[in-house]
Amino acid sequence: FKAIPQTPIEMLAVSISQVSPGDSKVRHGEDVQINAKVTGLMGEAAQLYYRNEEGTWRTAEMARWQDGKMAKGQDGNETSDSIHSRKPTGVGVLITLKNVTQSFEYHISAKGEKSPTYRITVIKEPVVNRFQLTLNFPKYTNLSPQVLEPNSGDVNALIDTEVKFEGESNKPLTSAVLVFDDNVP
C-alpha cells in the first residue's frame, strides 16, 4: 500500500511501477513490448536501458501512452508505432523491440528514478540441420528403395509409398513431429 501524495513536491516525484512483461521468456525473433506506469514526468522522457550478456547499457526513448493510445507529439502525430500486443490502460510509457534474437536485461529510468532490473530470455527452438528421405515403394512395384538427395523434401511417389525421414537437429530431441502444409500447391 502506497500513501497518497500530500505535498506538491510528492505529487511531482517520479514513480515507476507495473513494469511489463517483467522477467519473461520469448521465442527467437518475436517482438517484445515493454511498458510501465510512470507518474510525475511532467514533459520529460522515460528511457529504456537494456544490454545483453553483461554488455554495455544502451538506451531508447520510450513513447507515452494514455488509456491504450499513444501520446501525440508536437506535430500532432503519434510519437511511436502502433501498439503491437496488448493495449495498456492508465498513463505510462512503452516501447516495442522488434525481432528479438538475444536474451537481455532491462530497466526503465526517468528523472533519476530507476525500476528494478528484469530479464528477457530468448528461447531458441530446435532446427533441423540436415535430413534425408528414403522412398520405400509398394511391394507390387518390385522397385528398390530410393534415397533422395540430402535436404530435398519434394516427394512425388506412388500411393502407399512409405517415406522414411532421417535427420539431425541443432539440439538433442526426445521426440519430433512432421507438420505438413496442405495449402501448398
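Refer to the structure presented above.
Here the residue index of a chain counts from 1 through its sequence in written order. Since the coordinates come from a predicted model, pLDDT governs what is reported: local features require at least 70, and pairs of side-chain atoms require 80 or more to be given and counted, while whole-chain, interface and lining totals use all residues. Processing note: side-chain calculations cover all non-hydrogen atoms of the structure and skip hydrogens and water entirely.

Caption draft 1: Region of the structure containing the overall build of the protein. Counting from the N terminus, the helices are DSSP H or I runs at least four residues long and the strands are E runs at least two residues long. A tally of regular secondary structure across the protein gives one helix and 14 strands. Only protein chains enter the calculation, and the probe is 1.4 Å; a residue is then buried if its accessible area is under 20% of its type maximum, exposed if over 50%, and partly exposed in between. Considering the protein as a whole, with its 185 residues, one finds that 30% of them fall into the buried category. By the convention used here, residues are in contact when the closest approach between their heavy atoms is within 4.5 Å. Put simply, of all contacts in the protein between residues at least 6 apart along the chain, 58% involve residues at least 24 apart. Note on areas: these come from Shrake-Rupley sampling with a 1.4 Å probe, and a residue is covered only by the protein chains present in the view. Split by element, the accessible area of the protein, about 13,100 Å² in all, is 49% carbon and sulfur.

Caption draft 2: Broad picture of the nonpolar core. In this text, buried Ala, Val, Leu, Ile, Met, Phe, Trp, Tyr and Cys residues form a nonpolar core when linked through side-chain atoms within 4.5 Å. Ile16, Ile34, Leu48, Phe104, Tyr106 and Ile108 are the most contacted members of the largest nonpolar core, which totals 24 residues. Elements represented by at least two residues in this core include exactly β1 (15-20), β3 (32-39), β4 (47-51), β8 (91-97), β9 (104-110) and β11 (118-123). Among residues more than four places away in sequence, those in contact with Ile34 are Ser20, Pro21, Leu48, Met62, Val93, Leu94, Ile95, Leu97, Phe104, Tyr106 and Ile108. Within the second largest apolar cluster, five residues are counted, among which are Phe131, Leu133, Leu135 and Leu148.

Caption draft 3: Representation of the sheet that holds strand β12 (residues 128-136). Should DSSP find at least two bridges between two strands, the strands are taken to pair. With antiparallel pairing, the three strands of this open sheet are ordered in space as β13-β12-β14. Sheet topology places β13 (146-147) and β14 (162-169) at the edges, where each strand pairs with a single neighbour. For β12 and β14, the ladder comprises eight bridges, and the chain directions are antiparallel. The residue bridging Asn136 from the neighbouring strand is Glu162, located in β14.

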